[in-house]
Amino acid sequence: MTPSLLYAASCIGSSSPKKTMAATEIARQAGEGARAVPLAGHVGFDSMPDQLVNKSVNHGFCFNILCVGETGLGKSTLMDTLFNTKFEGEPTQHNQPGVQLKSNTYELQESNVRLKLTVVNTVGFGDQINKEDSYKSIVEFIDTQFEAYLQEELKIKRTLHSYHDTRIHACLYFIAPTGHSLKSLDLVTMKKLDSKVNIIPIIAKSDAISKSELTKFKIKITSELVSNGVQIYQFPTDDETVAEINATMNGHLPFAVVGSTEEVKIGNKMVKARQYPWGTVQVENENHCDFVKLREMLIRVNMEDLREQTHTRHYELYRRCKLEEMGFKDTDPDCKPFSLQETYEAKRNEFMGELQKKEEEMRQMFVQRVKEKEAELKEAEKELHEKFDRLKKLHQDEKKKLEDKKKSLDDELNGFKQKKTAAELLQSQAQQAGGSTTLKRDKERKNFF
Amino acid sequence: MSSFKTSVMFFRCVNMSAPQHPHLPGKAATPGAGDFSYVGIDAILEQMRRKAMKQGFELNIMVVGQSGLGKSTLMNTLFKSKVSRKSLVSTPEERIPQTIEIKSISHDIEEKGVRMKLTVIDTPGFGDQINNENCWQPIMKFINDQYEQYLQEEINIDRKKRIPDSRVHCCIYFIPPTGHCLRPLDVEFMRRLSKVVNIVPVIAKADTLTLEERDSFKQTIREELRANGIDVYPQKEFDEDADDRMINEKIREMIPFAVVGSDQEYQVNGKRLLGRKTKWGTIEVENIAHCEFAYLRDLLIRTHMQNIKDITSSIHYEVYRVRRLNETNGQPNGQFSVLLFFPLTHLHCPVKQQCGVEQL
């Protein structure tokens, strides 16, 4: 007898991988809490982070920002200032009929890092008279990106690592610098978006607000957000290297920013600034506005975390909801894990059955219609026949009448002819007899004269 | 996809090939101050590094070979710690298992702040029976089970934040140093397993071969691998670009590595080195003039570890996934989606055309 080839000695005939996993656990000498072992020398796997980073550099990065805010708040200018480049486009008009989302992708490179940056702008946000549906197109857009990724992930033959990720990693919400409080449109939109995307609220064109008003404004905004349960993105504080700076920055939200691509000479340097008759607002001066903080947080410190949160929190939530909506569950009432495949098969059969039923219905309706049409046509045909018959009869009657008339006419003609011949005969007879009479008469006449 | 009634969406890619702002002038000395043209995009590398350090890494290596070829010793030498327990002899019955077992041992190791969960999967009993038919089956089953477990986790609705990766990244196959050629068992095993896992063949106990014997042995092995169509790591078809190919060609000219393992230190020329002491001299493990252990270590750990993991997850695992999803699906074509996502309305269209009778 050939020695039986057992696998971990306890799973003959078991096909479910869960059971085999249990068997492997038996074979594992150290379980989940693997014991720590000291190294006696330099092994070299401390180069792993470098290897990982190198691979990512070769692959390139992608980052997608969504800018939500009313027209004219300086969204495009801020993007230009943040990334130090001129993205194209003229300022949009205010007469858009609905909210549209315009997306542009750019390839930026800095030292050896290639970044595929996608900036999505909301065009026409807040311009309509009835703004009830403004947020809908934004939510739909975000969901579409999630859907595309989900479809790719669920494909059988998939290419995830070369897939261009279009999911929105950060949403910059531009608040108008009124100085009072948030508009209701802002609150509604942010509430709808907070579970789908990382929201970073910023106060746009903040050079319109004085310093004291600004502090009050910020406090008001934060308290309104909290009281309405809007969850904005919090910079992560679990990694010690950046915990401190992130915690401080969390306190400065929302950032009051000023954007400008024009350069002004201050001292002996050219700086990005906005020049007014009463002074110059320097974009990169921390006393003037929070632009530097925003750039620091958004790009230099937390870009990776934004991407990760999008993938592990927002996308997973979307995926879970979507799959549950389709009726897939992880466990059935008996607590046995459902295989997605089985559920799919069941759903598919159900769906095919429905489809067939609908097809049948359609077919029957079609047959019905055809019958009706046929009957109609027959009716029409019959009518036509009848009409034809009628006309024919009419025609025949007329013909007969005409023939009768003709006959009578002919008869008359004949009669007349006969009379004529008779009369001529008479006349000729009379002429012969009267020929002499005429002569006589002529002689008489002559004699008379 | 739902139709947008009030909004129109259009995407525009501006100059995908040429960057919009080519080469923003270099890094500032103190990022965040001074240099106004520095955006800070390259700080993402630092962010990634931090994240990686925090999360730690996982590596699963399987060692396959007859007993007595020094598998455990080599593992211990590679990772400079007792990660693998040598099969110590107590009784002869215990020494040679009657069946192939798969033993998986995990350790947490840390070096310069980088934490790694190393799992060494041992296969005692491989090739030790008299009749070794199908001895690769339990091993293939184990590897496929790991893929299956990962797949199940991945298609869960409620999934973990980080799916624990127990897939075998690399399989080191030990070739006995006969000096002649590969045995049929070696060829069979490597042929089957190179399709599901990255195989790194090594010549075990290479201190029994002289340099000439070693070179001719390696040559024979390489030819036999080529003749049998066995693609060992680094696989030719996965070379990404010219640089990759150059580096990998150099490696391919050296495989299989002739290694010697040891966890004993000896005094050589005033230094304490790992080696094997014999009457005719001391073989230094990390000396590339003596054996090729250093190359193996560099390949596996210092330069290609990430690449090995990537090939496992994006190629071998995907192949398994396609096969698995296709066999339960019953679809011949791999282009269908696992789940039907299109709502019913979409499928009314072809039926509607039949009902164009409405125009009558």
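Keep in mind that what you see is a predicted model, and the values were worked out from it rather than measured. (Residues numbered from 1 in each chain as written. Chains lettered and ligands numbered in written order. Predicted model: local features only at pLDDT ≥ 70, side-chain atom pairs only at ≥ 80, totals over all residues. Heavy atoms only, no water.)

**Q** How would you summarise the overall build of chain A if you had to cite specific residues and measurements?
**A** The helix and strand tally for chain A stands at 10 helices and 10 strands. Contacts in chain A between residues far apart in sequence, at least 24 positions, make up 66% of those at least 6 positions apart. Taken as a whole, chain A presents about 26000 Å² of accessible surface, with 53% of it coming from carbon and sulfur. (Helix = DSSP H or I, 4+ residues; strand = E, 2+ residues; numbered from the N terminus. Contact = heavy atoms within 4.5 Å. Areas by Shrake-Rupley, 256 points an atom, 1.4 Å probe, with all protein chains shown as cover.)

**Q** Give me the lowdown on the overall build of chain B, citing residues and values where you can.
**A** Summing up its helical and strand segments, chain B has 10 helices and 10 strands in all. Buried residues in chain B amount to 50% of all 360 residues. Considering only intrachain contacts with a sequence separation of at least 6, the fraction spanning at least 24 residues in chain B is 67%. (Buried < 20%, exposed > 50% of the residue type's maximum accessible area, 1.4 Å probe, protein only.)

**Q** Please set out unusual backbone geometry residue by residue, giving values where relevant.
**A** Residue and element names in this part refer to chain B. Put simply, tyrosine 233 and proline 234 share a cis peptide bond, and its omega is -5°. By the element assignment, proline 234 lies in the loop between helix H6 (211–227) and helix H7 (242–252). For the bond running from isoleucine 255 to proline 256, omega is -5°, close enough to zero to count as cis. Looking at the element boundaries, proline 256 is found in the loop between H7 and strand E7 (257–258).

**Q** Just give me the short version of the packing of aromatic side chains, but keep the residues and values in it.
**A** As enumerated under the stated definition, the model contains 15 aromatic pairs over all chains in all. With a centroid separation of 6.1 Å and 55° between ring planes, the pair formed by Phe146(A) and Tyr315(A) is classed as tilted. Of this pair, Phe146(A) sits in helix H4 (residues 134–154) while Tyr315(A) sits in helix H9 (residues 303–325), placing them 169 residues apart in sequence. Residue Tyr315(A) is classed as buried on the basis of its relative accessible area, which comes to 0%. Measuring from ring centre to ring centre gives 6.2 Å for Phe235(A) and Phe255(A), while their planes differ by 20°; the resulting arrangement is stacked. With Phe235(A) in the loop between helix H6 (211–227) and helix H7 (240–252) and Phe255(A) in strand E7 (residues 255–256), the pair connects residues that are 20 residues apart, well separated along the chain. Overall, the relative accessible area of 0% leaves Phe255(A) in the buried class. Through a chain of ring-to-ring contacts, three or more aromatic side chains come together here, namely Phe146(A), Tyr149(A), Tyr163(A), Tyr315(A) and Tyr318(A). Positioned above the aromatic ring of Tyr149(A), the side-chain terminus of Arg167(A) is 3.7 Å from the ring centre. Its guanidinium or amino end placed over the ring of Tyr150(B), Arg167(B) lies 3.7 Å from that ring's centre, counting from NZ or CZ. (Phe/Tyr/Trp six-rings, centres within 6.5 Å; stacked < 30°, edge-to-face > 60°. Lys NZ or Arg CZ within 6 Å of the ring centre and 35° of its normal.)

**Q** Outline the sheet that holds E7(B), listing residues and values.
**A** Spatially, E1(A)-E3(B)-E4(B)-E2(B)-E5(B)-E6(B)-E7(B) is the arrangement adopted by the 7 strands of the open sheet, whose pairing is mixed. With partners counted over all chains shown, the strands left at the sheet margins are strand E1 (35–36) of chain A together with E7 of chain B, one partner each. Pairing analysis gives 9 bridges linking strand E3 (residues 103–111) of chain B to strand E4 (residues 114–122) of chain B, with the strands arranged antiparallel. Residue pairing for E4(B): Lys103(B) is matched across the bridge by Asp122(B). Strand contacts of helix H2 (residues 71–79) of chain B: strand E2 (57–64), E3, E4 and strand E5 (170–175) of chain B, with the helix running at about 155° to E2(B), the strand carrying the most contacts. (Pairing = 2+ DSSP bridges. Axes fitted to C-alpha atoms, helices over the stretch in contact; angles between N-to-C directions.)

**Q** For the environment of Gln145(A), give the residues involved together with the corresponding values.
**A** Residue and element names in this part refer to chain A. When you line up the elements, glutamine 145 lands in helix H4. What makes glutamine 145 buried here is its relative accessible area of 5%. It is 7.6 Å that separates the C-alpha atoms of glutamine 145 and isoleucine 168, two residues lying 23 residues apart in sequence.

**Q** With reference to specific residues and values, describe the pairing of strand E6 (residues 199–203) of chain A.
**A** Residue and element names in this part refer to chain A. Most of E6 is tucked away: 5 of the 5 residues are buried. The two faces of E6 match: Ile199, Pro201 and Ile203 on one face and Ile200 and Ile202 on the other face are all buried. Two strands pair when backbone bridges link them, and strand E5 (residues 170–175) and E6 are joined in this way by 5 bridges, in the parallel orientation. Residue pairing for E6: cysteine 171 is matched across the bridge by isoleucine 199. Remark: the E5/helix H5 (residues 184–193)/E6 crossover connection has right-handed handedness. Bridging between E6 and E7 involves 2 bridges; their strand directions are parallel. Bridging across to E7, isoleucine 203 finds its partner in alanine 256. (Right-handed = clockwise from strand over helix to strand, strands pointing away.)

**Q** Quick one: what's the story with the packing of helix H4 (residues 137–154) of chain B against helix H5 (residues 184–193) of chain B, residue by residue and with numbers?
**A** Residues and elements named next belong to chain B. Interaxial distance between H4 and H5 falls to 11 Å at its minimum, and their mutual angle equals 15°. As far as their axial angle goes, H5 and H4 are roughly parallel. In terms of crossing hand, the pair formed by H4 and H5 is right-handed. Across from Ile139, Met140 and Ile143 in H4, the residues of H5 making contact are Phe189, Arg192 and Leu193. Taken together, the residues that form the contact of H4 with H5 break down as 5 nonpolar, no polar and 1 charged. (Parallel < 35°, antiparallel > 145°, perpendicular 65-115°, else oblique. Left-handed = near helix turned anticlockwise from the far one by under 90°. Nonpolar A, V, L, I, M, F, W, Y, C, P; charged D, E, K, R; others polar.)

**Q** Account for the environment of Glu223(B), naming residues and giving values.
**A** Note that Glu223(B) resides in helix H6. Residues Glu223(B) and Cys181(B), spaced 42 residues apart in sequence, show a C-alpha to C-alpha distance of 9.7 Å.

**Q** Can you break down the sheet that holds strand E10 (residues 279–282) of chain A residue by residue, with the values?
**A** Residues and elements named next belong to chain A. Here we have 3 strands laid out as an open sheet, ordered E8-E9-E10, and antiparallel in their pairing. Only two strands of the sheet have a single partner each, and these edge strands are strand E8 (263–266) and E10. Sheet twist, expressed as the average angle between the axes of neighbouring strands with direction ignored, equals 65°.

**Q** Provide a residue-level description of a nonpolar patch on the surface, including the pertinent values.
**A** On the surface, Phe366(A), Val367(A) and Val370(A) cluster together to form a nonpolar patch covering roughly 200 Å² of accessible area. Tracing the backbone through its elements, the reader meets Val370(A) in helix H10 (residues 340–448). (Patch = residues over 30% accessible without salt bridge, like charges linked within 9 Å, V, L, I, M, F, W, Y side chains within 5 Å. Salt bridge = Lys/Arg side-chain N within 4 Å of Asp/Glu carboxyl O.)

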